[in-house]
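# Structural characterization, general
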Amino acid sequence: VQLQASGGGLVQTGDSLRLSCAASVRTFSNYAAAWFRQAPGEGREFVASITGSGGSTDYADSVKGRFTISRDNPKNTVYLQMNSLKPEDTAVYYCAADLRISDHLYRSTLEYESWGQGTQVTVSS
């Protein structure tokens, strides 16, 4: 499946952004999805994941209560609503999806087969 992430930008501390990830697939509900991020000089870290049905979600402690992952399966799109942004949220954000784990939530990059190209989020202080 091909994934196209969008919605990044330059914002100030405390602002909000919504990222979108559009999938080119017939039945998106068969795919678990997730967002990861990578800051300069750092490894790719887990942000949030969602099951294919959208019934279960998981969040990294660093974003819990500020970020919300959701999906619209008829539109083949997964979202990441980011509120109360902090400078430490600055990173390239990647969406990922996998057909094999539709009912599971994983935090490892190794579990996801398909990746989007990334979208830059910069939060100024």
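Residues numbered from 1 in each chain as written. Predicted model: local features only at pLDDT ≥ 70, side-chain atom pairs only at ≥ 80, totals over all residues. Heavy atoms only, no water.

Looking only at helices and strands, the chain features zero helices and 11 strands. Overall, the chain shows an N-to-C arrangement of helices and strands of β-β-β-β-β-β-β-β-β-β-β. For the C-alpha atoms alone, the extent of the chain along its principal axes is close to 40 × 25 × 25 Å. Within the chain, buried positions represent 46% of all 125 residues. Contacts in the chain between residues at least 24 apart in sequence constitute 59% of all its contacts with a sequence separation of at least 6. (Helix = DSSP H or I, 4+ residues; strand = E, 2+ residues; numbered from the N terminus. Buried < 20%, exposed > 50% of the residue type's maximum accessible area, 1.4 Å probe, protein only. Contact = heavy atoms within 4.5 Å.)

All right, on to the environment of Asp15 then. Note that Asp15 resides in the loop between strand S2 (9-12) and strand S3 (17-24). Residue Asp15 is classed as partly exposed on the basis of its relative accessible area, which comes to 32%. With residues near it in sequence (within four places) discarded, Asp15 still touches Met82, Asn83, Ser84 and Leu85.

Moving on to the nonpolar core. For soluble globular proteins, nonpolar side chains are generally found buried alongside one another. Residues Trp35, Leu80, Met82 and Tyr93 are the most contacted members of the largest nonpolar core, which totals 37 residues. Taken together, the elements giving at least two residues each to this core come down to strand S1 (2-6), S3, strand S4 (32-38), strand S5 (45-50), strand S7 (67-72), strand S8 (77-82), strand S9 (91-98) and strand S11 (119-124). When neighbours within four sequence positions are excluded, Met82 is seen to be in contact with Asp15, Ser16, Leu17, Leu19, Arg66, Phe67, Tyr93 and Val121. (Core = buried A, V, L, I, M, F, W, Y, C linked by side-chain atoms within 4.5 Å.)

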